[in-house]
Amino acid sequence: MDQTDSGKVESSLILLGVTGCIAAYKSAELLRLLQKRGYTITAILTEHAQKFITPLTLAALSGRPVITEMFSSTGGDFGPGPAIDHIHLAREARALVVAPATANTLAKFANGIADDFLSTLYLATPAPVVVAPAMNVKMWNHPAVQRNVETLRARGTVIVDPDEGYLAEGYHGKGRLAELDRIVEEVEKTTYQRLDLKGETVLVTAGPTCEDIDPVRYLTNRSSGKMGYQLALAARQRGARTILVSGPTRLSPPSGVETVLVRSAQEMREQVLAHFQEATIVIKAAAVADFTPLRAATQKIKKNETGWTLELVPAPDILSEIGRMKQKQVLVGFAAETGNALEHGRQKLQRKNLDLIVVNDVSQPGAGFDSDTNVVTILSKEGRERRIDRASKLEVAHRILDEVLACRSPHG
């Protein structure tokens, strides 16, 4: 994503091309996922795509006009007065994303045919292009289609290969539109060009921990892991070798990130210590349990009428431990609070020997657990205080990494 001189991460314009196949209905959800990452979307529907999804649907979701004709004009969206949109869109776009892309669309792109708005836009834009094909398995495997795919790859087009599975025609094979999260990930990798963390090793922790009471019960918390996973993605996007130590979540680890799955606070401690010395930046975004049962029962504890007392002891304080150990590392902690957030954050920053602490009041709308957005204040040991108003967690992650780099600057 682009960054202004003020350091604010700006939303970027993505052109979302949708072509005529049954997977076109998934473009609505793809649009939403891209919006959650902070992108602004203009959708482009081919004539055949409109047989599967309406322009009204994508216009309502995007809040912007949908392009359906070769010479349609949106006027004020890209400059005063009427204009031929593919010229303006080509200049303004951060990326052109085509999902789903039919065999016909691949052939047009590969052979320079410009007979509709989307194919003309493809030839006119200098922006990177991400294409996610979807079609019958026999079509996908046809030599002509594969030749077109290789032609596009050779030109630098990012091809998100289709997945295997059951197809609309009843066949099983490769041809289904790739999982939407995978498409979004490729878009983010393509549009983010800064490599200011190249040569760094970033260790990130994410998610909750689970502290077993007996074979069927455990103590945990509401952390979804989303903030930590977005930090790992952001670090990898910026060129770092990234190690993610994650408690139990429903999330898929970002590709290219070395991921270690753990369950308990003790397991997380062991993995953090195992990788700590090789890390240059450590970001402890996990919501590690403060307490754990004194002992876990080997059999299920039966219900009774007199009540039940559960004896708890402190869980390992990983952040304090590595705070005492750190030498070359920049150490970042998190403080999820529900009151007096900044005061508690400053105390934790000093008590645990951190370089930065990310403070958020999880009671605020659009912040905290399981949200796709966050509202945080980043405090530094030098006394800097940077508030980030509601933004996607990926944007927040990049702002945190900006502050990490500022810690190393003599003028930070």
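Our subject is the structure listed above.
Conventions adopted
- Residues numbered from 1 in each chain as written.
- Predicted model: local features only at pLDDT ≥ 70, side-chain atom pairs only at ≥ 80, totals over all residues.
- Heavy atoms only, no water.
- Helix = DSSP H or I, 4+ residues; strand = E, 2+ residues; numbered from the N terminus.
- Buried < 20%, exposed > 50% of the residue type's maximum accessible area, 1.4 Å probe, protein only.
- Contact = heavy atoms within 4.5 Å.
- Areas by Shrake-Rupley, 256 points an atom, 1.4 Å probe, with all protein chains shown as cover.
- Lys, Arg positive; Asp, Glu negative; His and termini not counted.
- Charge placed at Lys NZ, Arg CZ, Asp CG, Glu CD.
- Core = buried A, V, L, I, M, F, W, Y, C linked by side-chain atoms within 4.5 Å.
- Patch = residues over 30% accessible without salt bridge, like charges linked within 9 Å, V, L, I, M, F, W, Y side chains within 5 Å.
- Salt bridge = Lys/Arg side-chain N within 4 Å of Asp/Glu carboxyl O.
- Pairing = 2+ DSSP bridges.
- Axes fitted to C-alpha atoms, helices over the stretch in contact; angles between N-to-C directions.

Caption draft 1: Spatial organisation of the overall build of the protein chain. Along the backbone of the protein chain there are 13 helices and 19 strands. A principal-axis box enclosing the C-alpha atoms of the protein chain has dimensions of 70 × 55 × 40 Å. Residue burial in the protein chain is summarised as follows: out of 412 residues, 54% are buried. Taking contacts inside the protein chain between residues at least 6 apart in sequence as the whole, the part at least 24 apart equals 65%. Accessible surface for the protein chain amounts to roughly 19200 Å². Of this, 49% is attributable to carbon and sulfur atoms. For the protein chain, the separation between the mean place of its 49 positive charges and that of its 47 negative charges on side chains is 2 Å.

Caption draft 2: The nonpolar core, seen in detail. Core analysis: the largest hydrophobic core is formed by 33 residues, its most contacted members being Leu 231, Ile 283, Val 332, Phe 334 and Ile 400. Going through the elements one at a time, β8 (201-206), α9 (226-237), β13 (281-284), β16 (330-337), β17 (356-361), β18 (373-380), β19 (385-392) and α13 (393-408) are the ones with two or more residues in this core. Setting aside chain neighbours within four positions, we find Ile 400 in contact with Met 227, Leu 231, Val 332, Phe 334, Leu 356, Val 358 and Ile 378. Counting 32 residues, the second-largest nonpolar core is a separate cluster that includes Leu 16, Ala 23, Leu 33 and Ile 41.

Caption draft 3: Highlighting a nonpolar patch on the surface. Taken together, the side chains of Phe 291, Trp 308, Leu 310 and Leu 312 define a hydrophobic patch exposed on the protein surface, amounting to about 380 Å² of accessible area. Structurally, Trp 308 can be placed in the loop between β14 (291-293) and β15 (312-314). Classification of Trp 308 by relative accessible area gives partly exposed; the value is 47%.

Caption draft 4: Representation of the sheet that holds strand β1 (residues 13-18). The five strands are arranged β2-β1-β3-β4-β5 in an open sheet whose pairing can be described as parallel. Of all the strands in the sheet, just β2 (40-45) and β5 (158-159) have a single pairing partner and so form its edges. Sheet topology places strand β3 (residues 95-101) next to strand β4 (residues 129-133); four bridges connect them, and they run parallel. Note on β4: the bridge partner recorded for Val 97 is Val 130.

Caption draft 5: Summary view of the sheet that holds β19. Taking strand neighbours across the sheet as the criterion, the eight strands line up as β12-β11-β8-β13-β16-β17-β18-β19 in an open arrangement whose pairing is mixed. The sheet terminates laterally at β12 (258-261) and β19, the two strands that pair on one side only. Across this sheet, the average inter-strand angle for adjacent strands is 15°, counted without regard to direction. Docked against the sheet, helix α10 (residues 265-276) engages β8, β11 (241-246), β12 and β13, running at close to 175° with respect to β8. Along the sheet, α13 contacts β13, β16, β17, β18 and β19; its crossing angle with β19, the most-contacted strand, is approximately 160°.

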